[in-house]
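Fold and contact review
Below, each chain spelled out in residue letters.
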Amino acid sequence: MTDIRWGYALNQWKPQFDDFVRREQHERALKTVSIAGFEGVELTAGTGRWEPLGNPQQLIANFGSLTGFREFLSGCGIAAVSSWFYDPQQRSMEHLTPPYSPLVAADVTGIVTRAEWFAGALAQLGGSVLVVRAAPSAGDVGPLDDAALRRLADCWTAVGRATLAHGVRTALHVDFLSSLRRPGALDRLLGLADPAAVGLAVDTAELTVAGLDPVEVIRRHRGRVWHVQYKDALAADTDEEYLQPHAEYSVRQRGGSREIPRWFAEPGAHGGLVDFAAVTRALLDIGYAGWVVFESDQSPHPATSALLGGYLLQRDLRPVTAAAVEAAAR
Amino acid sequence: MAWTKWSYMDHWVTETPQGPQPPSFNRAYMDRYIKQLSALGFKGFDTFFFYLPMIEGMYGSVKAFEHFLQDNGFEKITGIFSAYPYATKYTAPHVPETHDRIVADCMATVRAVEGLSVENFIVMPSTTYFQVEPVTDEKIKIMADLWNRVGQMTLEHGMRTTCHFEFWGAIRTREQLDLFFRYTDPRYVYFFCDTAQHTIAGVDPLQMFRDYRDRCTGFHFKDTHTVDEHEAYRTPPDPELMAPNVTRWFYEMGTEGGLVDFPALMREIVTSGYDGWLTVEHDKAELGGGSYAEATCVAKWYIDNVLAEAQAEAEAQLEAGR
């Protein structure tokens, strides 16, 4: 046995706000994840009546209680919610709060309060990690100087300490639109944040699109890797188009000047740039203990992506972890 | 121990740049399809006779395709489905003059899988009901004669001819089924139990299995939400996809409103000592925006979480009775 647990992110089932709302859709997706070989699911924070899995209030409204949701998961063969992805820039209809920014000191209290809300629920759902969007898009906020990095570090340290009180770790998710991809920026941020309170969520595809090698990132930050997301990258942002204003739409969605139809795919996809066996070996080498969550956001065919991810896990990755266990036992 | 001999009947439709297509669209799609079935743990693969040339084209030969299956955890190709669902001047099982041509055509399919260890040569024993009616004893005997000939031929090539009855076929009621089996030689003609087709036709598949256990060589585990109570089976030109009041007859196991009692059937299978292949099928899963991948996941989840329990119960009862 290794200390790695395998999960799957449900975000690919919900391309827009009014999809994936009905109970039977959730049931079929959860059974798909379960039968493909995964034991946990990652949720994405959402708001409003059409986000039944988006936040604690909606879970309670739809399932009676968090316990009721846990029973629903269990009935579909899912042991736990591994993690919740939270982007503070999303406004909340439940609290009628505007988008928050971790760069704005006045927003920190609101972010901490919201993070605690998720962490408290996660603890009841068997989860252990709140995955947070570490920084807004580079094109929207400009370069992150030392002062900005310190504001980020202060915000996430406060969040991390608050979620730890619920037994939930906070892990920073670096996406390819973020200035944290610039040389030294992530090192500096992690150095400024409290190492007991703030860790790193390694997203293999986001790092690869950003031109970073996930294996190198894992080795470099070995003590801080608290969460991992496996998804493949089909292209890299080699022209630094992430610096454009509103890159979320013009680059991430539209594909930039090359009109990349899809940056991301299920792990192991044809033409994928990530070497998942190498990433898995790197995680084993650093003694990683925690969730590895497969993702395929932007997948037009969620069940197919889940099955192809399951194929990679069963055929290629479990043998890697089994070999490591065997070697350790010798 | 979990039932390992689960096979999958090849009905998928997959999205391609050219719209919805079967996975045989090209080799890359076919490989992805097989990998998905592999991830679900299927060990057998059933396909239609008309896909065999495409498989040869993509993999070099049917044998090479079987090797690809085996590289992905499958045991083998388990069944080939052949059919003449629409009567023509040359193919009508109830018309004796067409039999030589049908037998020759079956022989061509058998030759395409020569050298493999396919177990079942699955056939639709009749055409559409409306093309045969009035269905008489004599016509059923003529159809039985054809499949006796085909069955003897396929057995010489290592495959059992096994009859898969459609709700819209000319042999559909319990009386017609019994008569057909009386007219056919049990050495040459076997029974293939499609749970949904019989249920739609108002026939209990569980009782069919009980009564024809010795001749049963396989199953299509699929569900339905509708019994045909308004003679849709007589609808020309095709009741399966063109019935005016029912747009979708077939569903994967594990959906709300399913009429087939699969746990009871599973217990009966275990109790009977049947040890052959069990096949998952859910044709037309794409109707209403469905996905074959998801439908197959739901069906396999049902197998591993519901039918496995029924199997264990039956095995425990058998053990207690020893």
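Now for a quick tour of the structure. (Residues numbered from 1 in each chain as written. Chains lettered and ligands numbered in written order. Predicted model: local features only at pLDDT ≥ 70, side-chain atom pairs only at ≥ 80, totals over all residues.)

So, on to the overall build of chain A. A tally of helices and strands in chain A yields 12 helices and 10 strands. Scaling as 2.2 N^0.38, a compact globule of 330 residues should have a C-alpha radius of gyration of about 20 Å, and chain A matches this with 19 Å. Considered along the principal axes of its C-alpha atoms, chain A spans approximately 45 × 45 × 40 Å. Classification of the 330 residues of chain A by burial places 54% in the buried group. Here the analysis covers contacts within chain A between residues at least 6 apart in sequence; of these, 82% occur between residues at least 24 apart. (Helix = DSSP H or I, 4+ residues; strand = E, 2+ residues; numbered from the N terminus. Rg over C-alpha atoms; globule rule 2.2 N^0.38 Å. Buried ≥ 20, exposed ≤ 12 C-beta atoms within 10 Å, placed from the backbone. Contact = placed C-beta atoms within 7 Å.)

With that settled, consider the overall build of chain B. A tally of regular secondary structure across chain B gives 12 helices and 12 strands. Taking 322 residues into account, the globule formula puts the C-alpha radius of gyration at 20 Å, and chain B, at 19 Å, falls close to it. Reported as C-alpha extents along the three principal axes, the dimensions of chain B are approximately 50 × 45 × 45 Å. Within the span of chain B, comprising 322 residues, buried residues form 49% of the whole. Here the contacts in chain B between residues at least 6 apart in sequence split such that 82% fall between residues at least 24 apart.

Before going further, it helps to examine the interface of chain B and chain A. Facing the 18 residues of chain B at the interface are 19 residues of chain A. Of all elements in the fold, only helix 1 (27-40) and helix 12 (292-321) of chain B reach the threshold of two or more residues within the side of chain B that touches chain A. Ranked by residues supplied to the side of chain B that touches chain A, first place goes to helix 12 of chain B with 8 residues. The residue inventory of the side of chain B that touches chain A, partitioned by class, reads 7 nonpolar, 4 polar and 7 charged. (Nonpolar A, V, L, I, M, F, W, Y, C, P; charged D, E, K, R; others polar.)

The next subject is the sheet that holds strand 5 (residues 76-82) of chain B. Residues and elements named next belong to chain B. If you walk around this closed barrel you meet the 8 strands as 1-4-5-6-7-8-9-12, and the pairing is parallel. In this sheet, adjacent strand axes meet at a mean angle of 30° when their direction is disregarded. Across 3 bridges, the pairing between strand 1 (residues 6-9) and strand 12 (residues 278-280) is parallel. Its bridge partner lying in strand 12, Trp6 is registered against Leu278. Contacts from helix 6 (residues 137-156) reach strand 6 (120-123), strand 7 (160-164) and strand 8 (189-194) within the one sheet, and its direction differs from that of strand 7 by about 140°. (Pairing = 2+ DSSP bridges. Axes fitted to C-alpha atoms, helices over the stretch in contact; angles between N-to-C directions.)

Take the nonpolar core next. Counting residues in hydrophobic clusters, the biggest one holds 197 residues, and the most contacted among them are A:Trp84, A:Phe118, A:Leu130 and A:Leu307. Those residues in contact with A:Phe118, other than ones at most four positions away along the chain, are A:Ala45, A:Trp84, A:Tyr86 and A:Leu130. (Core = buried A, V, L, I, M, F, W, Y, C linked by C-beta atoms within 7 Å.)

With that settled, the discussion passes to the sheet that holds strand 6 (residues 198-203) of chain A. Residue and element names in this part refer to chain A. One closed barrel accounts for 8 strands, arranged 1-2-3-4-5-6-7-10; its pairing is parallel. In this sheet, neighbouring strand axes are inclined to one another by 30° on average, regardless of whether the strands run parallel or antiparallel. Sheet topology places strand 6 next to strand 7 (residues 225-230); 4 bridges connect them, and they run parallel. The residue of strand 7 that forms the bridge with Val202 is Val228. On top of the sheet, helix 6 (residues 146-164) reaches strand 4 (129-133), strand 5 (169-173) and strand 6; it is set at about 145° to strand 5, its chief contact.

Before going further, it helps to spend a moment on the packing of helix 2 (residues 52-59) of chain B against helix 3 (residues 62-71) of chain B. All names here are of chain B. Running from amino to carboxyl end, helix 2 crosses helix 3 at an angle of 75°, the nearest separation of the two axes being 8 Å. By the angle between their axes, helix 2 is roughly perpendicular relative to helix 3. Residues Leu52, Ile55, Glu56 and Tyr59 of helix 2 pack against Val62, Ala64, Phe65 and Phe68 of helix 3. Split into classes, the residues belonging to the contact of helix 2 with helix 3 amount to 7 nonpolar, no polar and 1 charged. (Parallel < 35°, antiparallel > 145°, perpendicular 65-115°, else oblique.)

Residues and elements named next belong to chain A. Among the 5 residues in strand 2 (residues 40-44), 5 count as buried, and that is most of the element. Side-chain alternation along strand 2 places Gly40, Glu42 and Thr44 on one buried face and Val41 and Leu43 on a second face that is also buried. Crossover connection from strand 1 (residues 4-9) via helix 1 (residues 23-35) to parallel strand 2: handedness right-handed. Sheet topology places strand 2 next to strand 3 (residues 80-86); 5 bridges connect them, and they run parallel. What sits directly across from Thr44, in strand 3, is Phe85. (Right-handed = clockwise from strand over helix to strand, strands pointing away.)

So, about helix 2 (residues 56-63) of chain A. All names here are of chain A. When helix 2 is considered as a whole, its buried residues turn out to be Pro56, Gln58 and Leu59. Along the axis of helix 2, the buried positions cluster into a sector of 160°, meaning they face one direction only. Tucked into the core, helix 2 has its buried residues touching helix 3 (66-75) and helix 4 (108-124). Following helix 2 by one or two positions, Gly64 adopts a phi angle in the positive range, close to 90°. (Arc of directions from axis to C-beta.)

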